[in-house]
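# Survey of secondary and tertiary structure
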Amino acid sequence: MTTEIQPAPGATRKRRVRSATSLTRSSGIGLGLAVTWFSLLVLIPLALVVIQSADGGWQTFRDTLTNSQTAAALRLTVTQALIVTLVNVVFGTLIAWVLVRDHFWGKRILEVIIDIPFALPTIVAGLVLLSLYGPDSPIGINVANTERSVFLALLFVTLPFVVRTVEPVLLELDPEVEEAAASLGASRFTTLRRILLPALAPAITAGAALSFARGISEYGSLVLLSGNLPNKTEVASVRILTYIENGNEAAAASVAVLLLGVALIAIILLQVLTSVVSKRA
Amino acid sequence: MPSRIRQPKTAGTYVRRGLVITYLFLLVAWPVSLVVKHTFDGGLDNLQTALSDPDVVFALQLTVYVAVWAVVINTVFGVGVSLLLVRYNFPGRGILSALIDLPLSVSPIVVGLALLLTYGSTNGLLGPSLKDAGIQVAFAPLGIILATAFVSLPLVIRELVPVLHEIGTDQEQAARSLGAGPWQTFRRITLPSVKWALVYGVVLSLARSLGEFGAVKIMSGNIAGQTQTATLSVEEKYQDFQQGTAYATSFLLALIAVAALVVVSVLRPKESPDGD
Amino acid sequence: MGIEIRGINKFFGDFVALEDINLSIPSGQLTALLGPSGGGKSTLLRIIAGLESSDSGTVEIEGVDTTNVPAQKRNVGFVFQHYAAFKHMTVAKNIAFGLEIRKRPKQEVKDRVQELLKLVHLEQWSDRLPSQLSGGQRQRMALARALAIEPSVLLLDEPFGALDAKVRKELRDWLRRLHDEVHVTTVFVTHDQEEALEVSDSLVVINEGRIEQIGSPDDLYDRPASDFVLSFLGPVTRLGDHLIRPHDIEISRYEQAATATGKISRWTRVGFEIRLEVTPDDTLHPDPIQVVVTRAEATALGLHDGDQVWLRPQAGVEPVRG
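Residues numbered from 1 in each chain as written. Chains lettered and ligands numbered in written order. Predicted model: local features only at pLDDT ≥ 70, side-chain atom pairs only at ≥ 80, totals over all residues. Heavy atoms only, no water.

In the nomenclature of an unreviewed UniProt entry, chain C is known as ABC-type quaternary amine transporter of Aeromicrobium ginsengisoli.

Looking at an unreviewed UniProt entry, one finds chain B named Sulfate ABC transporter permease, with Aeromicrobium ginsengisoli as its source organism. Looking at chain B in UniProt, the text filed under Subcellular location (unreviewed entry) is "Membrane". We quote the UniProt Subunit (unreviewed entry) comment for chain B here in full: "The complex is composed of two ATP-binding proteins (CysA), two transmembrane proteins (CysT and CysW) and a solute-binding protein (CysP)." (UniProt positions renumbered as here; feature names shortened; annotations may be inferred.)

So, in structure tokens, the structure goes:
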């Protein structure tokens, strides 16, 4: 090797040419307006939820949490959201795989079906599920007012998340990488385990995080389906609503902040898990 | 080179395909089709009953009114913020970019609570002063618009930002060098390049806005004929044993949602032209 | 021995990718499959590797019929144009992959990886991810990965096609030297005739799914079997009724026995070379004739733009055909 080209590490990584400029007078005014509106609509209200929950101090938090009905609601919500996320990780990846790698008549229809839960009003989603899995079920399966109704509703509304995050990554994967693995002697299964899954892991994680966050915050699709039975099918969002309707905003805020906290922890945990998985591979 | 042949279909291909189709059929396709079936159980009776109920008609009108306002607000805000995030450097840009997605991961009930704590007429932080100034927010259309705008806020931005990154600034700089002012550059160069992403974002926002339930339930007061939107009316009618009307209203909402999806799937640029 | 290919046919729908290919690639040589894009050479390489199946015909590698052996079991090293790096694995892990699949003892894997890192000059980069390497380094990593399994044949599909000209030339020389060291039967696909002529022991020219000619670089350059091979391996021009390479034309300012006469109508200097265009006086053959001379020759002959010149094939050069 005569003239060796050894770039500094990272030098060949694609760099996006930053073409951003500093603020001009008019864009400064625009930024001011945008931030003001965003604060009025989103930041101040959410901050007030946190402040409200902190107002009562630890006492309110403890009281709210030790309230058996609230604790049950939180348990149910987190458990069901976890199970649903797990199912989504498996089925969402499978669906994405079939949509990208398989070719058959009617695939376009499946693409639309996957987005329906995202576009359908949540209350309608509840009604939709009730019509097949409710008291008038044509197949004799009635999950209304049971724990399984919560599972079903969450499964429906979170369907698109894993599929839609994994799909583009799978499309981008170079088929030559799998061929390289094959020519080096790897079986289909080994290629899946050691090449494909590690490459898809970040996307699956991101989808799982979205799915979990959506799951623990779901409300609309459960209203008609789950019956909101205390200690049985009542989820955290319904608890918050009950507290609001009873005028106990401090307790409502406590549960809300807890939910936000759980979502945050889940997202961080998933990130850590992914990096461990892809390092081991 | 001739196009690469596809991997041969094995038994596994058909098992996976079968599993996916069954799953989607049982979870989505069949239940949705049942709502359509229930709607037309007695011919057009359910739709006629629903559309002759003044509360339902009012709810539908209110829903459209609110959704249009929310979409207009989010479009203006979304275009502005996207341009600021992509084209300008300013302190706090990273934070703003991260916070923008927040509304998507907050429970609609928490959104309602947050807005109530801010704009509630008696206990809210800003509500009482606004009320004194003659602006009623909570339990009024304005509150419903705020709740709706909140939940659908990031949708336009999420579509625009990647496209703005993608197209870069070459064309804009060329236009500027040819003498175009900022507004002309935006209208004649930038806007046409991001047109489809914008349409996509607007369609998604519209679908989301028409369907918002939880946040609106808290902020609206849910009074039939005054502040009740279509989704709230579905809940009430269903629980009042007017299931035909509930199905009919749901059908109309679902129709809009599916129409929006079809529009989107037609507009979405295809990554791989699939001959299926 | 080496690779024996008999009666291979391959269709993509109506498109004939390969038609009745019979080819014998000797052991230990470096063979180039050369031809224009879409001519079928990559398809042939992928069929040898088992990444694609032929519609008929057989492939034998080192005396074993591998026609129905899946890619995983062929023990073939394959290098792709776009590297096909395992992005989430370090350079060392990439190279070790095939050995780990074969469940070799840990120490052996480690030693072999070290040896290969040295061979491809990537010792200091073993713990980097592929994204931290340059294109040339990535391709060397891919080569080490393919060599790690001690393949019975090494196949390279346009291995330098994605690299820029300078790195490409370096890697080309390096591949030649590497092959002289390891002596594994090597087949590489390229559409660059200079690359093929420079690196390979023997050349197979493939066009429109058929083999046009097989031979050593000298054979093909000097004794092309067809117009296609002649024009694909280098520039040609028409002198009278014959095709000839522009540098094989003798040019003179003085009247002499000539195949054609005309005026120098264009003068382009590229480095040490001068490319002339001569507009023939013969109105039956009005196409300009390309002539290449060195700068020294042009000076010695006293050539200038616009001169009247006499052209004929240089002594000893047989104009190929009409």
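Now, onward.
### Some details on the nonpolar core
Across soluble globular proteins, nonpolar side chains show a tendency to be buried alongside one another. By size, the foremost hydrophobic cluster in this structure holds 147 residues, and its most contacted members are I95(A), F156(A), I240(A), L24(B) and L113(B). If one sorts the elements of this core by residue count, helix α3 (residues 68-101) of chain A sits on top with 11 residues. (Core = buried A, V, L, I, M, F, W, Y, C linked by side-chain atoms within 4.5 Å. Buried < 20%, exposed > 50% of the residue type's maximum accessible area, 1.4 Å probe, protein only. Helix = DSSP H or I, 4+ residues; strand = E, 2+ residues; numbered from the N terminus.)

### Observations concerning the pairing of strand β3 (residues 30-34) of chain C
All names here are of chain C. The buried count for β3 comes to five of five residues, which makes it a mostly enclosed element. With four bridges connecting them, β3 and strand β9 (residues 202-207) associate as parallel partners. Counted as the bridge partner of T31 is S202 from β9. (Pairing = 2+ DSSP bridges.)

### Considering the side chain of T186(C)
When you line up the elements, T186(C) lands in strand β8 (residues 185-190). In this structure T186(C) touches Q29(C), L30(C), T31(C), L154(C), L156(C) and H179(C), once residues within four positions along its chain are discounted. (Contact = heavy atoms within 4.5 Å.)

### Focus: the packing of aromatic side chains
All chains considered together, the criterion is met by nine aromatic pairs over all chains. Of note, R101(A) hangs over the ring of W97(A), and the distance from its end group to the ring centre comes to 4.7 Å. Against the face of Y221(C) rests R245(C), its NZ or CZ located 4.2 Å from the ring centre. (Phe/Tyr/Trp six-rings, centres within 6.5 Å; stacked < 30°, edge-to-face > 60°. Lys NZ or Arg CZ within 6 Å of the ring centre and 35° of its normal.)

### Observations concerning the pairing of β9(C)
Consecutive side chains along a regular strand alternate between the two faces of the sheet. Residue and element names in this part refer to chain C. The element β9 is largely enclosed, with a buried count of six among its six residues. Neither face of β9 is open: one carries S202, V204 and I206, the other L203, V205 and N207, and all of them are buried. Pairing of β9 with strand β10 (residues 210-215), which is carried by five bridges, proceeds in the antiparallel orientation. Within β10, the position partnered with I206 by the bridge is I211.

### Some details on the confidence of the model for chain C
When pLDDT is averaged along chain C, the result is 89, and 98% of the positions lie at 70 or above. Least confident of the elements in chain C is strand β12 (residues 242-244) of chain C, whose mean pLDDT is 84; most confident is β3(C), at 94. (pLDDT = per-residue confidence, 0-100.)

### Overview of the sheet that holds strand β1 (residues 3-12) of chain C
All names here are of chain C. With antiparallel pairing, four strands are arranged side by side in an open sheet as β2-β1-β4-β5. Both edges of this open sheet fall to β2 (15-25) and β5 (64-65), since each of them pairs with a single strand only. In this structure, β1 lies alongside β2, joined through seven bridges in antiparallel fashion. In the sheet register, I5 faces β2, and the bridge partner there is L23. Seen against the sheet, helix α1 (residues 41-49) touches β1, β2 and β4 (56-61) and runs at an angle of roughly 120° to β1. (Axes fitted to C-alpha atoms, helices over the stretch in contact; angles between N-to-C directions.)

### Looking at helix α7 (residues 141-151) of chain B
Judged by how many residues are buried, α7(B) sits mostly within the fold: nine of 11 residues are covered. All of the buried residues along α7(B) are G143(B), I144(B), I145(B), L146(B), A147(B), T148(B), A149(B), F150(B) and V151(B). On its buried face, α7(B) sits against α1 (25-55) of chain A together with α3 (54-87), α5 (108-119), α8 (154-167), α10 (182-211) and α11 (214-220) of chain B.

### Focus: the sheet that holds strand β15 (residues 273-280) of chain C
Residues and elements named next belong to chain C. Taken in spatial order, the five strands of this open sheet run β13-β17-β14-β15-β16, and their pairing is antiparallel. If you trace the sheet from one side to the other, it starts and ends with β13 (249-252) and β16 (289-294), each paired once. In this sheet, adjacent strand axes meet at a mean angle of 45° when their direction is disregarded.

### Section: the interface of chain A and chain C
Listed as interface residues are 28 residues of chain A and, on the opposing side, 38 residues of chain C. Buried surface at the junction of chain A and chain C, summed over both partners, amounts to about 2,900 Å²; 56% is from carbon and sulfur atoms. Linking chain A with chain C are two salt bridges, by the criterion used here. The salt bridge partner of E100(C) is R194(A), with a shortest N-O separation of 3.0 Å. If you look at where chain A meets chain C, you find five residue pairs in polar contact (both at pLDDT 80 or more). Breaking the side of chain A that touches chain C down by element, the ones donating at least two residues are α8 (175-183) and α9 (188-216) of chain A. Counting residues per element, the side of chain A that touches chain C draws most heavily on α8(A), which supplies seven residues. Classifying every residue of the side of chain A that touches chain C by side-chain character gives 13 nonpolar, nine polar and six charged. (Buried area = accessible area lost by both parts, 1.4 Å probe. Salt bridge = Lys/Arg side-chain N within 4 Å of Asp/Glu carboxyl O. Polar contact = N/O pair within 3.5 Å; in protein donor to acceptor, adjacent residues only side chain to side chain. Nonpolar A, V, L, I, M, F, W, Y, C, P; charged D, E, K, R; others polar.)

### Observations regarding a nonpolar patch on the surface
On the surface, V64(B), Y65(B), V68(B), W69(B), V72(B) and V76(B) cluster together into a nonpolar patch covering about 570 Å² of accessible area. Residue position: V64(B) is located in helix α3. (Patch = residues over 30% accessible without salt bridge, like charges linked within 9 Å, V, L, I, M, F, W, Y side chains within 5 Å. Areas by Shrake-Rupley, 256 points an atom, 1.4 Å probe, with all protein chains shown as cover.)

### Re the interface of chain B and chain A
Contacts between the two partners involve 86 residues from chain B, matched on the other side by 86 residues from chain A. Each partner contributes to the roughly 7,800 Å² buried at the junction of chain B and chain A, and carbon and sulfur atoms together form 76% of this total. Viewed at the interface, chain A and chain B are joined by one salt bridge. Across the pair D102(A) and R17(B) runs a salt bridge, and its minimum N-O distance is 2.7 Å. Between the two partners, chain B and chain A, sit seven residue pairs in polar contact (both at pLDDT 80 or more).

### Concerning the UniProt feature "domain: ABC transmembrane type-1" (unreviewed entry) in chain B
Those places that UniProt annotates as "domain: ABC transmembrane type-1" (unreviewed entry) correspond, in this numbering, to residues 60-264 of chain B. Counted over residues 60-264 of chain B, helix gives 76% and strand 1%. Its end C-alpha atoms are 23 Å apart.

### Side note on the UniProt feature "transmembrane region" (unreviewed entry) in chain B
Residue and element names in this part refer to chain B. Under the present numbering, the feature "transmembrane region" (unreviewed entry) in UniProt falls on residues 20-40, 60-86, 98-121, 133-157 and 246-267. Within residues 98-121, the helical portion is 62% and the strand portion 0%, while the C-alpha atoms at the span's ends are 31 Å from each other. Within residues 246-267, the helical portion is 100% and the strand portion 0%, while the C-alpha atoms at the span's ends are 31 Å from each other.

### What to know about the domain arrangement of chain C
Along its sequence, chain C is carved into domain 1 (3-230) and domain 2 (235-313). Here the C-alpha centroids of domain 1 of chain C and domain 2 of chain C sit 41 Å apart. (Domains from an automatic or database assignment.)

### A few points about the layout of surface pockets
The computed volume of the second largest pocket comes to approximately 1,000 Å³. For the second largest pocket, the lining is made up of 30 residues, of which S27(A), L83(B), Y88(B), P182(B) and F186(B) are closest to its centre. Sorting the residues of the lining of the second largest pocket by element identifies β1 (21-22) and α1 of chain A together with α3, α9 (170-177) and α10 of chain B as the ones contributing at least two each. No other element matches α3(B), which puts 10 residues into the lining of the second largest pocket. A per-class count over the lining of the second largest pocket returns 14 nonpolar, 13 polar and three charged. (1 Å grid on protein atoms, 1.4 Å probe; cavity = no way out; pocket = protein on both sides within 12 Å on 5 of 7 lines; lining within 4 Å. Points joined across faces, edges and corners; volume = space filled by probe spheres on them.)

### Notes on the side chain of R194(A)
Assignment of secondary structure puts R194(A) in helix α9. A polar contact of 3.0 Å, which involves the side chain of R194(A), links it to the side chain of E100(C).

### Examining the confidence of the model for chain B
All names here are of chain B. When pLDDT is averaged across chain B, the result is 84; 94% of the residues are at 70 or more. Between the elements of chain B, mean pLDDT differs from a low of 79, seen in α9, to a high of 92, seen in α7. Overall, residues 1-6 carries pLDDT values under 50, and its contacts beyond four positions in sequence, including any with other chains, amount to 21 contacts. Predicted confidence for residues 271-276 stays below pLDDT 50, and this span has eight contacts to residues more than four positions away or in other chains.

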